[in-house]
Amino acid sequence: MMRRPRTTTAKVVEKGDNVMDSDLSFSQTASSDEDSDEWRPAEPKPKAPSKTARAPAAAGEKKAAAKRTAKPKEPKAPKQPKAPKVPKPKAPRKTVAERKTQVPKVLKNSGGSGLAGTKRKKDDKAGEEETDCPEVERIEENGPSIRMKEERVSFIVSEGEGPSLAGLIAKKEEVEEEDFTFDEPCQKKQKTSGACLGQPTALPSSEAHTLRNELNMNWDLIELLSNLTCVERWVCVNIIRLLREDNTVPFMVRYRKEMINHMDADAVRDVQLVYEEICSLAKKTQSVIQTLKKDGVLTAELEQNLRSCRSADELDHVYSPYKKGSKLTKARRAKALGLEAATSALIDTPHTLDLRAWVKPGTEGLSSLEEVATGVEHILADMIAKDPETLTYVKTLCENGFVTIQSSVSKSALKEKEQEKSVQGHKTPGSQQNKNKDIDKFHLYVDFTCNIHRIQPHQTLAINRGESLKILTVKVNIPDKVKSDFTRWCINNRWRQRTLARDELRTIVKNAVEDSYKRLILPFLTRSYRTKLTSAAEKESIAMFVRNLRQRLLVCPVRGCVIMGVDPGFRHGCKLAVLSPTSQILHTDVVYLHNSGQQKEADKLRHLMIKYSCSRVVIGNGTACRETETVFADLISRRCFHPLDVSYCITNEAGASIYSVSPEAVKEMPDMDPNLRSAVSIGRRVQDPLAELVKIDPKHIGIGTYQHDVSAGALKAALDGVVQECVSFVGVDINICSETLMRHVAGLNAGRARNIAEWREQNGPFINREQLKLVKGMGPKTFQQCAGFIRLNPQTLHSAKSSPHPVPEKPAAKKGKGKTCINIPTSFNPLDQTCIHPESYHVAQRFLSLVGGSADQIGSAGLRQCVERKVRTSSVEELARTLDTTPETLKLIIDGFTQPPGFDIRQNFGQADFKQGIVSMSDLRVGAVLTGRVDNTTLFGAFVDIGVGRAGLIHKSNITLDKLPVSQRRRSLALGPGERVEVRVLNVDPQRGRIGLDLIRVLQ
């Protein structure tokens, strides 16, 4: 349906109140999302453009592209809204019969609409002044500066896996302040056509014709995808081609940079989602056409208009007049009585209509003149409510009006509260107590009203939750002026009677218009607004999960020391697991540190620590965490572990209990008590967070908020994509990684990972990457996708060879063409320990010859100096031309040669904080300056662990531009889990266990 751009938007920066009076529990455990209250909402900020002003969202609607400013299309001018008060000159009117079959022509500028909220609305004024795809410059010392988009993710993978040569390091230009948007999701900065870094290509005419025939639509797929995603056409062509060839997103981002114009993983994933939505739209269109053809109402004009729809909204706009309604509607009952002809005459020839002729005494619905008039009103009201032009007009009026959403306490909740007061003094059942507690949690929304264009995503989700619990009643308020303007327009324009009519007939038309608005159109508008708000809020919540999960997975591992994992508890004791530096289980035990025999248990603990030389303790943050921390702090202060220098840290144990009883945990630790498995998991979360957390469903590891209020399918797809991205970019050592971790590598799945693990058990360690081709199910495409992310570490390979196995030259039983003829080398290739893809080995060998080095020198200072010397004398572009390769591939090769052995991109991220003393909430004072680490970020702020047992909240109003590093000013939430920050205490509420913080700066 037609959607007009907002023409009056203003960016307002409002200072939030420093008092953190919130209702959201500070508990950040896995179940805290369901039990927590909602934090005080900040003053709503008008956004430009407003995401709530878009069309209703579809299920697969993509996330962040919806928040970018739209890419301007030069030949087309921005759509102008209909002017409701300046009616067009009256043209000869069509009859009602013609209107019923009339199909609204697809909007002339239909490219300006998007898939279910994915197309951005343009600000008429700002659109000419602001760039739609902002960029930053990447500057190279020995080459001309080129334009490149700023990385949206918190770690950079587009230049290999880590720091490259000094002359190749990309420098980011300081962004302008007005581009910083805290409240809005981060924009994807795609390249403009003048800044392309790859080779623009055109889709072959035969392939383009095939695509059009497959979709069987009237529009061009490439043009539509480019419009919706603000990505150049040639990039869209390449992404579609790569996706159709079954390439994974991590593979495309690392090894096909020149084809995707250096887009990051999130941006490519968004283009993929929109492409899938477009294909889904085409499929739905075919289904609608078949349905209409079966009903016998499909005309050539209608079919063309359906095939011209470019969004789910437009398709619904065209299809809605032909949808089958309920058989019991008032209009259908009236039509069954034969009053449809009378309704047509009411509009087309009212001077000839005599309703008394339709009266049939004894027939229900026709027995009197009043019943006949009522039946005609119902039919006309139904026609008005399904008329596309009428719906477009009323939506335009709403967009110009001040539409608000309002929540209040439901009658049932008030009744229960009154009953609770009347039985005071008597014991209240547990369920009743929980209900009353829930009512108190939503006290911020018992009398809440906000403009739908300014409501925050977390407010929308909180209201939805309150409504689902039957605590809140929610309604959308549309101004009365919309009704009066709409009624006037219908009577005088769209549904004006063609000839002179009597007063009683004009009254019927007026009554029909008012009835249609109140009974049919108003509920439709309410549902539409609620759907749009919920969809936008869900996508923002999912984006928060994605950002938090990425940073949680990329926490730097703690290597090279023995660690004790502690799952604290009171009655059942503290479960202990001593882990070797390689995460092997050395010992498990249970100590009762909170009972009467504490000294005896402390001696037992000391014996274990000294026996295994364990100097690091990891305590889970669950029940008895604070008390267990106190015991360890006391033992450390009394030097009970001397001569060991023991320290401890607190880690999030969310999901450990779920994992401990999962089939994977049973398979990994078959003879171990589930409680002890939790202690093992807690310790391994610090030793190697990525390897351990991939074993747990992402939504259970305590990140984000409202995970139970968003689409489970969309959340799982987004989080699985991030897990695959992180595991692939970090890389896995194929000879020691677990089967669970392996299945998340790009190109692999559970079955292929199991086959690799079985091959490894039967034949010993992999000697080189080529041996992966011997594994069952490892075809050429799978090998291409995963090979670059799989490593062979010489040290682990040497240790694994201690018990040699025969290595077959051919697979034992191979299914597939040509596999039995594979000739696999049996020697180690030094290039297999780098990020260089096997398809580029020949280029790497030529480059080594060019710089005068050898593969055995990989990672050494000598080879690094040789490469630096060569790059200084010849630019990367010149060297790439000499080697007949792309600059992007050569940069990856240079990174692979110069990175030290065992390089890990996570080494630039913070580790867990170990400490030896304890601080409590009673020690906090307002104004005190502390350092802490972000534990979780939500839609309304960031929770920070400051070491007092309770996380403090930095409300988003206190995360301002001047407090952030330049590199973080384009990120929508600015902070993420694991980041170290310096904060000031604003307020402390010991009774409710709440701490309000102000951000001072982010520690680098």
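Rules used in this analysis
- Residues numbered from 1 in each chain as written.
- Predicted model: local features only at pLDDT ≥ 70, side-chain atom pairs only at ≥ 80, totals over all residues.
- Heavy atoms only, no water.
- Helix = DSSP H or I, 4+ residues; strand = E, 2+ residues; numbered from the N terminus.
- Buried < 20%, exposed > 50% of the residue type's maximum accessible area, 1.4 Å probe, protein only.
- Contact = heavy atoms within 4.5 Å.
- Areas by Shrake-Rupley, 256 points an atom, 1.4 Å probe, with all protein chains shown as cover.
- Phe/Tyr/Trp six-rings, centres within 6.5 Å; stacked < 30°, edge-to-face > 60°.
- Axes fitted to C-alpha atoms, helices over the stretch in contact; angles between N-to-C directions.
- Parallel < 35°, antiparallel > 145°, perpendicular 65-115°, else oblique.
- Left-handed = near helix turned anticlockwise from the far one by under 90°.
- Nonpolar A, V, L, I, M, F, W, Y, C, P; charged D, E, K, R; others polar.
- Pairing = 2+ DSSP bridges.

1. Details of the overall build of the protein
Here comes step 1: Across its full length, the protein holds 35 helices and 17 strands.
Here comes step 2: Taking all 1004 residues of the protein together, the buried fraction comes to 56%.
Here comes step 3: Put simply, of all contacts in the protein between residues at least 6 apart along the chain, 76% involve residues at least 24 apart.
Here comes step 4: Accessible surface, the protein as shown: approximately 43400 Å² in total, 51% of it carbon and sulfur.

2. Some points on the packing of aromatic side chains
Describing an aromatic ring pair means giving the distance of the ring centres and the angle of the ring planes.
Here comes step 1: Within this structure, the stated rule accounts for 9 aromatic pairs.
Here comes step 2: With a centroid separation of 4.1 Å and 10° between ring planes, the pair formed by Tyr 393 and Trp 489 is classed as stacked. With Tyr 393 in helix α15 (residues 388–400) and Trp 489 in helix α19 (residues 480–494), this pair connects stretches of sequence that are 96 residues apart.
Here comes step 3: Since its relative accessible area comes to 5%, Tyr 393 is described here as buried.

3. Focus: the packing of helix α5 (residues 221–229) against helix α9 (residues 265–295)
Here comes step 1: Between α5 and α9, the least distance of the axes is 10 Å, while the angle of their chain directions is 130°. Judged by the inter-axis angle, α5 sits oblique to α9. As α5 packs across α9, the resulting crossing turns out to be right-handed. Across the interface between the two elements, Leu 221, Leu 224, Leu 225, Leu 228 and Thr 229 of α5 pack against Val 271, Val 274, Tyr 275 and Ile 278 of α9.
Here comes step 2: Classifying every residue of the contact of α5 with α9 gives 8 nonpolar, 1 polar and no charged.

4. Description of the sheet that holds strand β3 (residues 404–409)
In any sheet, the strands associate via hydrogen bonds between backbone groups, in a parallel or an antiparallel arrangement.
Here comes step 1: Across the sheet, 3 strands lie side by side as β4-β3-β5; this open sheet has antiparallel pairing. Single-partner strands in this sheet number two, and they are β4 (447–451) and β5 (472–477). Each adjacent strand pair in this sheet contributes to an overall mean axis angle of 15°, direction not counted.
Here comes step 2: Where β3 meets β5, 6 bridges bridge the pair, whose relative direction is antiparallel. Its bridge partner lying in β5, Ser 408 is registered against Thr 473.
Here comes step 3: Strands in contact with helix α20 (residues 503–553) are β3 and β5; relative to β5, the strand with the most contacts, it is inclined by about 110°.

5. Considering the pairing of strand β6 (residues 563–567)
Here comes step 1: In terms of residue burial, β6 counts as a mostly covered element, since 5 of its 5 residues are buried.
Here comes step 2: Sheet analysis places β6 next to strand β7 (residues 574–579), joined by 5 bridges and oriented antiparallel. Looking at the pairing, Gly 565 lines up with Ala 577 of β7.
Here comes step 3: Where β6 folds back onto β7 in an antiparallel hairpin, the turn is made up of 6 residues, including Gly 573, whose phi is positive at roughly 80°.
Here comes step 4: As defined by bridge partners, β6 adjoins strand β9 (residues 616–620) across 4 bridges and the pair is classed as parallel. The residue of β9 that forms the bridge with Met 564 is Val 617.

6. Looking at unusual backbone geometry
Here comes step 1: Cis geometry is found at the peptide bond from His 642 to Pro 643, where omega equals 15°.
Here comes step 2: Inspection of the secondary structure assignment puts Pro 643 in the loop between α22 (625–637) and β10 (647–651).
Here comes step 3: The backbone phi angle of Lys 470 is positive, close to 60°, even though this residue is not glycine.
Here comes step 4: Inspection of the secondary structure puts Lys 470 in the loop between α18 (457–468) and β5.
Here comes step 5: Owing to a relative accessible area of 59%, Lys 470 belongs among the exposed residues under this scheme.

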